[in-house]
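Chain residues, written in single-letter form:
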Amino acid sequence: MVKHIVLWSFKEEIGEEERAAVAVQIKEGLEGLVGVVPGLKSAVVVTNPITSSTHDLCLISELESEEALKAYASNPDHLKVASIVRSVTCNRAAMDYRE
């Protein structure tokens, strides 16, 4: 198994109302890829960080293998959601590891 963890911050120009709405959209979009993207076993998007956090959103996902992770990155369904994420976020940080 491979864990894929990504953290994002919202762009400064994204207001609080828009943040709340787009966070729901991102959560539903990324979590909805389970069962759609081959090899993606689970996906959880955290949208309610506590005040000590340095980022606004976190994706914690599990894939079958590194090959599945590579395929996920270029999957058209994933790319649709990723384009929404990129339009409202910055400061992306990621870590992938084998478990």
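Residues numbered from 1 in each chain as written. Predicted model: local features only at pLDDT ≥ 70, side-chain atom pairs only at ≥ 80, totals over all residues. Heavy atoms only, no water.

## Observations regarding the nonpolar core
No. 1: Core analysis: the biggest nonpolar cluster contains 23 residues, and Trp8, Phe10, Ile26, Leu30, Leu59 and Tyr72 have the highest contact counts within it.
No. 2: At the level of elements, strand 1 (2-10), helix 1 (16-31), strand 2 (40-46), strand 3 (57-63), helix 2 (66-74) and helix 3 (76-88) are the ones that each hand at least two residues to this core.
No. 3: In this structure tyrosine 72 touches His4, Leu30, Leu33, Val37, Leu40, Leu59, Leu63 and His78, once residues within four positions along its chain are discounted. (Core = buried A, V, L, I, M, F, W, Y, C linked by side-chain atoms within 4.5 Å. Buried < 20%, exposed > 50% of the residue type's maximum accessible area, 1.4 Å probe, protein only. Helix = DSSP H or I, 4+ residues; strand = E, 2+ residues; numbered from the N terminus. Contact = heavy atoms within 4.5 Å.)

## Quick notes on the layout of surface pockets
No. 1: Roughly 300 Å³ of internal volume is contained in the largest pocket.
No. 2: What lines the largest pocket is a set of 16 residues, among which Trp8, His78, Ala82, Arg86 and Arg92 lie closest to the centre.
No. 3: Among the secondary structure elements, those contributing two or more residues to the lining of the largest pocket are strand 1, helix 2, helix 3 and strand 4 (89-98).
No. 4: Counting residues per element, the lining of the largest pocket draws most heavily on helix 3, at 5 residues.
No. 5: Of the residues that constitute the lining of the largest pocket, the class distribution is 10 nonpolar, 3 polar and 3 charged. (1 Å grid on protein atoms, 1.4 Å probe; cavity = no way out; pocket = protein on both sides within 12 Å on 5 of 7 lines; lining within 4 Å. Points joined across faces, edges and corners; volume = space filled by probe spheres on them. Nonpolar A, V, L, I, M, F, W, Y, C, P; charged D, E, K, R; others polar.)

## What about the packing of helix 1 against helix 3?
No. 1: At their nearest, the axes of helix 1 and helix 3 sit 10 Å apart, and the two run at 160° to each other. As judged from the angle between their axes, helix 1 and helix 3 are roughly antiparallel. Here the hand of the crossing between helix 1 and helix 3 comes out left-handed. Of the residues in helix 3, those touching helix 1 at Glu18, Val22, Gln25, Ile26, Gly29 and Leu30 are His78, Val81, Ile84, Val85 and Val88.
No. 2: Here the contact of helix 1 with helix 3 is composed, by residue class, of 7 nonpolar, 3 polar and 1 charged. (Axes fitted to C-alpha atoms, helices over the stretch in contact; angles between N-to-C directions. Parallel < 35°, antiparallel > 145°, perpendicular 65-115°, else oblique. Left-handed = near helix turned anticlockwise from the far one by under 90°.)

## Details of a nonpolar patch on the surface
No. 1: There is a patch of nonpolar side chains on the surface, built from Val44, Val46 and Ile60 and spanning about 190 Å² of accessible area.
No. 2: The class for valine 44 is partly exposed, based on a relative accessible area of 42%. (Patch = residues over 30% accessible without salt bridge, like charges linked within 9 Å, V, L, I, M, F, W, Y side chains within 5 Å. Areas by Shrake-Rupley, 256 points an atom, 1.4 Å probe, with all protein chains shown as cover. Salt bridge = Lys/Arg side-chain N within 4 Å of Asp/Glu carboxyl O.)

## What to know about the side chain of serine 9
No. 1: Turning to its location among the elements, serine 9 is positioned in strand 1.
No. 2: With relative accessibility at 9%, the residue serine 9 sits in the buried group.
No. 3: Setting aside its immediate chain neighbours within four residues, serine 9 contacts Thr54, His55, Asp56, Val88, Thr89, Cys90 and Asn91.

## What about helix 3?
No. 1: A rise of 1.5 Å per residue sets the reference length of helix 3, with its 13 residues, at 18 Å; its end C-alpha atoms lie 19 Å apart and thus fit the reference within 8%.
No. 2: All of the buried residues along helix 3 are His78, Val81, Ala82, Val85 and Val88.
No. 3: Buried-residue contacts for helix 3 involve strand 1, helix 1, helix 2 and strand 4.
No. 4: One side-chain oxygen at the N-terminal end of helix 3 lies 2.7 Å from the backbone nitrogen of aspartate 77; it belongs to asparagine 75. (Expected span 1.5 Å × (residues − 1). Polar contact = N/O pair within 3.5 Å; in protein donor to acceptor, adjacent residues only side chain to side chain.)

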